[in-house]
Amino acid sequence: MDIETLRTRHPDHWQMACAIRALAMDAVQAANSGHPGMPMGMADVATVLFARHLRFDAAAPGWADRDRFILSAGHGSMLLYALLHLTGHADMTLDQLRAFRQFGSATAGHPEFGHAGGIETTTGPLGQGLANGVGFAMAEASLRARFGEHFVNHRTWVIAGDGCLMEGISHEAIGLAGMQKLNRLIVLWDNNGISIDGKVSLSDTTDQRARFAAAGWQVLSCDGHDPDDIDRALTAAAAAEAPVLVDCRTHIGFGSPKKQDSAAAHGSPLGADEIAAVRAIYGWPHAPFEIPAPVRALWQAAGTRGGAARAEWEARIAAAQPGRQAEFARVMAAEPPRRLAGAIRALKRKIAAEAPKVATRKASEMALAAINPVMPETIGGSADLTGSNNTLTPGLGIFGPDNRKGRYVHYGIREHAMAAAMNGMMLHGGVRPYGGTFLCFADYSRPAIRLAALMKQPVIHVMTHDSIGLGEDGPTHQPVEHLASLRAMPNLLVLRPADAIETAEAWEVALGARTTPSVIALSRQNLPTVRTKAIGKNLTAQGGYVLADAEGKRRAVLLATGSEVEIALKARDILQAEGIGTRVVSMPCWELFEEQPQEYRAKVLPRGPVRVAIEAAIRFGWDRWLFGEGGRRERSGFVGMHDFGASAPAERLYAEFAITPEAAAQKVRDLLAREAGGAKAKGAGAKPA
């Protein structure tokens, strides 16, 4: 539909949509940075969605049963910010729009979760928001099955662009959603045919409608500038029995005489002269950031439209049994149940008494078998590695179209989508997702892990086969740089437990985290129980602690994580037999150790003894603990990997790469000998008295 027809036939809609377009143009121009074309093109679709379909109340952006709206095409962030401001979200003021893309404002270049109510997730890396939407829809379906439609009954709406659909994660996400028949998920495709380089046809000829249909989606279409046609498509989408793609045919930079339908409208301001020309074409004579009272009133009505539905929902909740109300409030607040701590303590006592020799991936399964019965909100899963990750415990049931009460998801070989969907589940609230894959494949999950860290969402990644100890699968599957790269990420806990007790504690840490995602790195090979005393205190929560102290004068400290703690203990036995007092420090989580008071860290890593770190991974990062924290470069060493692994049984690999008790003991001897030699040379060169 052309502009003149829109203005004539739909005057109120036109004015509302123009308010979005004008604010987008003005904010991008003021910042001299941003993407005006997408908000201008999708303003009609967004206006129909927010004014007629989206179930929300701007006065209560945290309402648990609101519809969720995700702007996957996050570069068009001014579309979302304009909508939040116009509908009356209190923290999205006009001053915030004027401060678009400025330091400290709520209006970041791409939407960031937590900056303002109504921003459901952080988007910008294309495709992530679409995959988040799959997780939102899965969480809604799970909670609706558990608590009933009187508690949970809403939809997830996503605006995605051409770039979102080109990113590989989209293929995984739409396949998962189609298989799951997530009929409360509706994706509105901004089909404008333009990317930064120019026409989409320069790089892609995919029939997106056929692709979605092949994945089990219902596919609809509409003229993205005809409000009646948009309304028809959205109404049909809401009644569908499958996830829905609505192909919204739009013009990027709609109304711009020089830049419509071109890359010039995509990623830079229109310019003052072009904005003036657009204002004249729109019939919008108002000053920058000025919204006339009649238009603001129309938008305010849209923002309060859901108030009655929210009041009805609150009345239903208030009439429910108090226990059910309390449980719903608990899971939506992500509060662990009180029984969790007792379940972990009981498991630790059992492990200490039996001292099993098991892989930490098996120990993780043991922990989950204790956790899942007392945490009904957990939803586990694996990227087609259930038997390897040990993530499925008895009684969970399989989450699927025929069993929304199931609590285990077969994600298929889709690490990208699994990680992003778990972010969506956590953001939705009410469920605690965990998902498994091999540590080497953290590379596939990394973009979503990074966003979870940025958004402060405590998603849990179970990553097994954490070293050359996985053996014969070889260097393609053996992680050597992955621990270092994950530890480099801000606000991420990397937990690498040494035995079944540390594994149980690692799970307690991860489930107790409020603002930090976790990676639990687990072994394939069996490991002995190195802590055989049952204590209630969670030592893993300290990040590092003294596992075995020196007998006699302390001359060496061995630091290790995971499967190499066993090696450190054996090296200590060798050294102690030679009269070299040796302390072993288990460091399951560097990030938590760094958070401990300096006095505690100094007690664990005292000045004086030589230090040797042992880890079947590259050295990168270890120097912080070797010659930082009171250590010295010349009095420290490392036993670990310096290159990629190889294909062979684990025992042979540890020997070939010299990650052995004997190698660690020899490293200590060499450091002490060097020290003694240096002291002798210094003494020989001293002047006589």
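My aim in this report is to walk through the structure given alongside it, one point at a time. (Residues numbered from 1 in each chain as written. Predicted model: local features only at pLDDT ≥ 70, side-chain atom pairs only at ≥ 80, totals over all residues. Heavy atoms only, no water.)

Quick look at the overall build of the chain
So, step 1. When helices and strands are counted, the chain shows 27 helices and 20 strands.
So, step 2. Against the 2.2 N^0.38 benchmark of 26 Å for 689 residues, the chain shows a C-alpha radius of gyration of 29 Å, consistent with a compact globule.
So, step 3. Across the 689 residues in the chain, those meeting the buried criterion constitute 61%.
So, step 4. The contacts of the chain with a sequence gap of at least 6 include a subset with a gap of at least 24, amounting to 78%.
So, step 5. Counting every atom, the chain has about 25,200 Å² of accessible surface; 53% of that belongs to carbon and sulfur.
So, step 6. The distance from the centre of the 74 positive side-chain charges to the centre of the 71 negative ones in the chain is 8 Å. (Helix = DSSP H or I, 4+ residues; strand = E, 2+ residues; numbered from the N terminus. Rg over C-alpha atoms; globule rule 2.2 N^0.38 Å. Buried < 20%, exposed > 50% of the residue type's maximum accessible area, 1.4 Å probe, protein only. Contact = heavy atoms within 4.5 Å. Areas by Shrake-Rupley, 256 points an atom, 1.4 Å probe, with all protein chains shown as cover. Lys, Arg positive; Asp, Glu negative; His and termini not counted. Charge placed at Lys NZ, Arg CZ, Asp CG, Glu CD.)

Observations regarding unusual backbone geometry
So, step 1. Of note in this structure, Asn32 is not a glycine but carries a positive phi near 55°.
So, step 2. Tracing the chain through its elements places Asn32 in the loop between helix H2 (11–31) and helix H3 (37–53).
So, step 3. For Asn32, a relative accessible area of 59% translates into the label exposed.

Describing the sheet that holds strand S14 (residues 518–521)
Hydrogen bonds between backbone atoms are what pair the strands of a sheet, whose relative direction is either parallel or antiparallel.
So, step 1. Across the sheet, six strands lie side by side as S10-S9-S11-S12-S14-S13; this open sheet has parallel pairing. Both outer strands of the open sheet, strand S10 (408–410) and strand S13 (493–495), are each paired with one neighbouring strand and no more. Here the average twist between neighbouring strands, direction ignored, is 20°.
So, step 2. Relative to strand S12 (residues 460–464), strand S11 (residues 432–438) is paired through five bridges, and the arrangement is parallel. Within S12, the position partnered with Thr437 by the bridge is Met463.
So, step 3. Packing against the sheet, helix H18 (residues 415–428) makes contact with strand S9 (378–382), S11 and S12, and its axis sits at approximately 165° to S11.
So, step 4. Helix H19 (residues 442–455) rests against S11, S12 and S14 of the sheet, and its axis sits at about 165° to S12. (Pairing = 2+ DSSP bridges. Axes fitted to C-alpha atoms, helices over the stretch in contact; angles between N-to-C directions.)

With respect to the sheet that holds strand S20 (residues 636–640)
So, step 1. Taking strand neighbours across the sheet as the criterion, the five strands line up as S16-S18-S17-S19-S20 in an open arrangement whose pairing is mixed. Lying at the two open borders of the sheet, with one neighbouring strand each, are strand S16 (545–548) and S20. Each adjacent strand pair in this sheet contributes to an overall mean axis angle of 30°, direction not counted.
So, step 2. Relative to strand S18 (residues 581–586), strand S17 (residues 554–560) runs parallel, the two sharing six bridges. Residue pairing across strands places Arg554 opposite Gly581, the latter belonging to S18.

Some remarks on helix H4 (residues 77–87)
So, step 1. Judged by how many residues are buried, H4 sits mostly within the fold: 11 of 11 residues are covered.
So, step 2. Among the residues of H4, those classed as buried are Ser77, Met78, Leu79, Leu80, Tyr81, Ala82, Leu83, Leu84, His85, Leu86 and Thr87.
So, step 3. Buried residues in H4 make contact with H2, H3, strand S1 (68–71), helix H5 (94–98), strand S2 (156–161) and helix H12 (293–304).

Observations concerning the side chain of Glu505
So, step 1. Topologically, Glu505 is positioned in helix H21 (residues 500–512).
So, step 2. In this structure Glu505 comes out as buried when scored by relative accessible area, which is 0%.
So, step 3. Once residues lying within four places of it in the same chain are set aside, the contact partners of Glu505 are Lys348, Arg531, Lys537, Asn538, Leu539 and Thr540.

A closer look at the state of the cysteines
So, step 1. Going through the model one piece at a time under the given rule, you end up with zero disulfides.
So, step 2. Not engaged in a disulfide, the cysteine Cys164 finds its nearest cysteine sulfur in Cys248; these two sulfurs lie 13 Å apart. (Disulfide = S-S within 2.5 Å.)

Regarding the packing of aromatic side chains
So, step 1. Taken as a whole and assessed by the stated rule, the structure comprises 17 aromatic pairs.
So, step 2. Geometrically, the ring pair formed by Phe593 and Tyr600 is edge-to-face, given 6.2 Å between the ring centres and 70° between the ring planes.
So, step 3. By relative accessible area, which is 0% here, Phe593 ends up buried.
So, step 4. The rings of Trp63, Phe147, Phe151, Trp313 and Phe328 are connected pair by pair, giving a single aromatic cluster.
So, step 5. Its guanidinium or amino end placed over the ring of Phe151, Arg324 lies 5.9 Å from that ring's centre, counting from NZ or CZ.
So, step 6. Of note, Arg487 hangs over the ring of Trp590, and the distance from its end group to the ring centre comes to 3.8 Å. (Phe/Tyr/Trp six-rings, centres within 6.5 Å; stacked < 30°, edge-to-face > 60°. Lys NZ or Arg CZ within 6 Å of the ring centre and 35° of its normal.)

Considering the pairing of S11
So, step 1. Counted residue by residue, S11 has seven buried out of seven residues, so it is predominantly covered.
So, step 2. Both S9 and S11 contribute to a ladder of three bridges, which runs parallel. What sits directly across from Thr378, in S11, is Arg432.
So, step 3. A crossover links S11 with its parallel partner S12, the connecting element being H19, and its sense is right-handed. (Right-handed = clockwise from strand over helix to strand, strands pointing away.)

Quick word on the nonpolar core
So, step 1. Counting residues in hydrophobic clusters, the biggest one holds 71 residues, and the most contacted among them are Val246 and Trp299.
So, step 2. It is H2 that contributes the most residues to this core, 13 residues altogether.
So, step 3. The residues touching Trp299, leaving out its near neighbours within four places in the chain, are Met16, Ala19, Ile20, Thr47, Phe50, Leu83, Leu86 and Thr87. (Core = buried A, V, L, I, M, F, W, Y, C linked by side-chain atoms within 4.5 Å.)

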